[in-house]
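Observations on chain architecture
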Number of protein chains: 2
Amino acid sequence: MSRTLRNPDIVSPEVREKVLKCVDSLGYVPDLAARSLASRNSSLITVLVPSMTSYLFAEVMHGIEARIEDSDFSLHYANSRMSQEAEARHLKLLAGQRPVGLIIANVAGEMDNRELMRRLGCPVVQVQDISLDVFDMAIGIDHAKAGATATRHLLDCGYRRIGVLGRFYGTRGERRHYGYRSELERAGCYDPALIEDASGGFTVQSGGEMLASLLNRVGPVDAVLCQSDELALGAVFESQRRGLRVPEEIGICGFNDLEFSRVSVPPLTTIRLPRFDIGYKAADMLLRAHQGRYDGPMTTEMEYELMPRGSTVKVADR
Amino acid sequence: MSRTLRNPDIVSPEVREKVLKCVDSLGYVPDLAARSLASRNSSLITVLVPSMTSYLFAEVMHGIEARIEDSDFSLHYANSRMSQEAEARHLKLLAGQRPVGLIIANVAGEMDNRELMRRLGCPVVQVQDISLDVFDMAIGIDHAKAGATATRHLLDCGYRRIGVLGRFYGTRGERRHYGYRSELERAGCYDPALIEDASGGFTVQSGGEMLASLLNRVGPVDAVLCQSDELALGAVFESQRRGLRVPEEIGICGFNDLEFSRVSVPPLTTIRLPRFDIGYKAADMLLRAHQGRYDGPMTTEMEYELMPRGSTVKVADR
DNA sequence: CTGTTAGCGCATTCAG
DNA sequence: CTGAATGCGCTAACAG
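Just so you know, the residues in each chain are numbered from 1, in the order the chain's sequence is written. Starting at A for chains and at 1 for ligands, labels are handed out in the order in which the entities are written. Local features in this predicted model are restricted to residues of pLDDT 70 or higher, and side-chain atom pairs are both shown and tallied only at a pLDDT of 80 or more, whereas totals for entire chains, interfaces and linings draw on every residue. Hydrogens are left out, water is left out, and the side-chain values use all remaining heavy atoms of the structure.

Counting its regular elements, chain A contains eleven helices and twelve strands. Seen through its C-alpha atoms, chain A measures out along the principal axes to roughly 80 × 35 × 30 Å. Burial classes follow relative accessibility: with a 1.4 Å probe on protein chains only, a residue under 20% of its type's maximum area counts as buried, one over 50% as exposed, and anything between as partly exposed. Among the 318 residues that make up chain A, the fraction classed as buried is 56%. Within chain A, counting contacts between residues at least 6 apart in sequence, those at least 24 apart form 72% of the total. Note on areas: these come from Shrake-Rupley sampling with a 1.4 Å probe, and a residue is covered only by the protein chains present in the view. Working note: accessible area of chain A is about 13800 Å², and carbon and sulfur atoms make up 50% of it. Positive and negative side-chain charges in chain A, numbering 38 and 42 respectively, have mean positions lying 3 Å apart. Comment: elements are numbered from the N terminus, with helices defined as DSSP H or I runs of at least four residues and strands as E runs of at least two. The contact criterion used is simple: two residues touch if any of their non-hydrogen atoms lie within 4.5 Å. His is not counted, nor are the chain ends, whereas Lys and Arg count as positive and Asp and Glu as negative. A single reference atom marks each charge: NZ on Lys, CZ on Arg, CG on Asp, CD on Glu.

Attention now goes to the interface of chain A and chain B. Listed per partner, the contact involves 44 residues of chain A and 44 residues of chain B. Accessible surface is computed with a 1.4 Å probe, and the buried area is the amount of it that two parts give up when combined, taken over both parts together. Approximately 4300 Å² of surface area, both sides summed, lies buried where chain A meets chain B, with 57% of it carried by carbon and sulfur atoms. Taken as a group, Met52, Thr53 and Tyr55 of chain A account for 13% of the area that chain A buries against chain B, more than any other trio of residues on that side. Between Lys or Arg on one side and Asp or Glu on the other, a salt bridge is scored when a side-chain nitrogen of the former is within 4 Å of a carboxyl oxygen of the latter. Joining chain A to chain B, the criterion identifies six salt bridges. Across the pair Glu69 of chain A and Arg81 of chain B runs a salt bridge, and its minimum N-O distance is 2.7 Å. Every element with two or more residues in the side of chain A that touches chain B is listed here: helix H3 (32-39), helix H4 (55-68), strand S2 (74-79), helix H5 (84-95), helix H9 (204-218) and helix H10 (229-241) of chain A. Only Asp, Glu, Lys and Arg are considered charged in this grouping, and only Ala, Val, Leu, Ile, Met, Phe, Trp, Tyr, Cys and Pro are considered nonpolar; every other residue, Gly among them, is considered polar. Each residue belonging to the side of chain A that touches chain B can be placed in one class, and the counts come to 20 nonpolar, 13 polar and eleven charged.

The subject of this paragraph is the nonpolar core. Buried Ala, Val, Leu, Ile, Met, Phe, Trp, Tyr and Cys residues that are joined via side-chain atoms within 4.5 Å together make up what is termed a nonpolar core. If you look at the biggest cluster of nonpolar residues, it comprises 94 residues, and the most contacted ones within it are Ile103 and Val125 of chain A together with Ile103 and Val125 of chain B. Apart from the residues lying within four places of it in its own chain, the contact partners of Val125 of chain A are Leu102, Ile103, Ile104, Met137, Ile139, Ala282, Met285 and Leu286 of chain A. Counting 52 residues, the second largest nonpolar core, distinct from the first, contains Leu214 and Leu268 of chain A together with Ala235 and Phe260 of chain B.

All right, on to the protein's contact with DNA strand D then. Here a residue is near a molecule or strand as soon as one of its heavy atoms is found within 4 Å of it. Surveying the vicinity of DNA strand D reveals 21 residues, the closest of which are Tyr28 and Arg35 of chain A together with Arg3, Ser12 and Arg40 of chain B. Sugar plus phosphate, as a fraction of atoms of DNA strand D within 4 Å of the protein: 64%. For the purposes of these results, a polar contact is taken to be a pair of N or O atoms within 3.5 Å, where, inside protein, one atom must be able to donate a hydrogen and its partner to accept one; residues adjacent in sequence count only when each atom of the pair is a side-chain atom. A distance of 3.0 Å is found between a sugar or linking oxygen of DNA strand D and a side-chain nitrogen or oxygen belonging to Arg40 of chain B. Breaking the surface near DNA strand D down by element, the ones donating at least two residues are helix H1 (3-6) and H3 of chain A together with helix H3 (32-39) of chain B. Ranked by residues supplied to the surface near DNA strand D, first place goes to H3 of chain A with four residues. Taken together, the residues of the surface near DNA strand D break down into eleven nonpolar, three polar and seven charged.

Attention now moves to the relation of the copies chain A and chain B. Both copies of the chain are placed relative to one another by a rotation about an axis and a shift along it. In screw terms, the move from chain A to chain B is a rotation of 180° and a rise of 0.1 Å along the axis, fitting with an RMSD of 0.1 Å. When the rotation and shift are considered jointly, the pair of chain copies conforms to a two-fold rotation axis. Most of the interface of chain A is mirrored in chain B, where 100% of its interface residues again form contacts. Our superposition of the copies is a least-squares fit, built on the C-alpha atoms of residues whose pLDDT is at least 70 in both.

This next bit is on the pattern of salt bridges. A complete count under the given rule lists 38 salt bridges over all chains for this structure. One salt bridge in this structure joins Glu115 of chain A and Arg119 of chain A, with 3.8 Å as the shortest N-O distance. In this pair, Glu115 of chain A and Arg119 of chain A are both assigned in helix H6 (residues 114-119), four residues apart and thus about one turn of the helix distant. Judged by its relative accessible area of 41%, Glu115 of chain A is partly exposed. A single salt-bridge network, built from bridges that share partners, covers Glu65 and Glu69 of chain A together with Arg81 of chain B.

Shown next as structure tokens:
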């Protein structure tokens, strides 16, 4: 009887032993489809992210796993590959699986996949984008504020002619850019010509190419704000190639505080996000909601932290 | 009737239209559990990897996705987190899901999870480790040969006192190290003191720390072989901190040819693996096997490529 | 505590 | 081509 397997304590020891022996010798494996059909629930928690390559999400995933691992839900990842269509496809597929919950880093764009998420009939936690129209639960940082903080740091250092490397559609980049822009305008330093839009993804290589393109286009700049640490590292390499001293001749500020940023030469000034915590808390919110302790739609804003390091320096020390 | 959904062509247009309209207005979603139970199959392909953080697997995943995406299987990832126990847990869970197939980058160690893989009753492709005891299908490179190639390159450059940074248990590292060692012994340069075992994972940071520890322990070396490009980049940074010129005073060779390796300063000499192709072909083998074109256990050896770049140089040019 | 039973929502039959 | 019946393997609810 299946009671033995699901709740071994409520059957007599003899029966339990006998059943377990049979199970073992016959190599029985419970059919999850049947179980899920009969019990009208699954143990599936899905995490849908736009990229598996990103160190960024990787740490969020670690956080999620840390929270989930001793519950007996099973965690599955799916990749929306930066495409809202793929995201929608996955959401539709998910709908048929009676998931326990969904943690999603939405792809930004024209489509509105909220209806699809709603139809899942399970708690949904959106991570990273607290500024998005949240329809259930969300957790992340305020990217506009973070962008402003990074910008103010460069201004405080005395850099004035400040370039920007990144991508500006899509919510996170957009919001961050909003922060950059308002801060630069306040200081009277905003110049749209100094914006270099990413063509090749947020890679080290494209960081170098973008800085090269910017400098070739507008001449020297005091500093560059980069939308990711990969871009910033690429900018450092490009500066080295051009014989520009970082941070004296060009200040470089990244975003995310990736693993290498602390130990590069020079180490990168950047904004640290509590990525692990975001994942952990997202999973926690999900589990709580699943246990019925759901308090309705809510947004949790996490703190970020400016990490001033060797790739920027105050003008007094230059 | 469900015929309409699964095989729209064999029903009359009128019925089809009516059903589709209802489906749309009621927001009907087929129950995958019931479908899978009734039809005794699923559309699930699982990819089980030891790490989601790694750029290495990320590109393998891209290859897999490229092959799978226009079939209508659904792709799920699971993370064994470098743990054979977690791997076993996932395999057990999988067994109950009637998967179409499994692509797995095994965790090396004491346990033997082959029996669990066999019980899945679906084709299994092991990636990366062709030297493992393969029980079904496998695809990857010969890591021992690749390790030997990297070593020979350093010897050809004229480096003699060659350190090694990496981790040496676990199949890939072990096999690679076998290659290093045999090649160094052949040249009469093998010295176990020059081996620095990774404590902190294959990160940029630990690469720097390991080189520092090695140099502090044994004094100057001519070159270091690194088990990954992250370690190699860390070694480059550490060399810069110590004022050691790369490649003149110390040669550095990585492994994997990650994105940044081409554009770092100096660019990294490394071994390129056909990661995308490995993923693509693995998925292809799986689909073929699933379609019945299964030719029994087989191992596919892929080619790797030495990428000589700025972090190593021939002695004549030094 | 234990044996038995009735569906879960579909695909797959079999008649019509 | 279409409607109706059967059962996939399990859980939940029910009696014993």
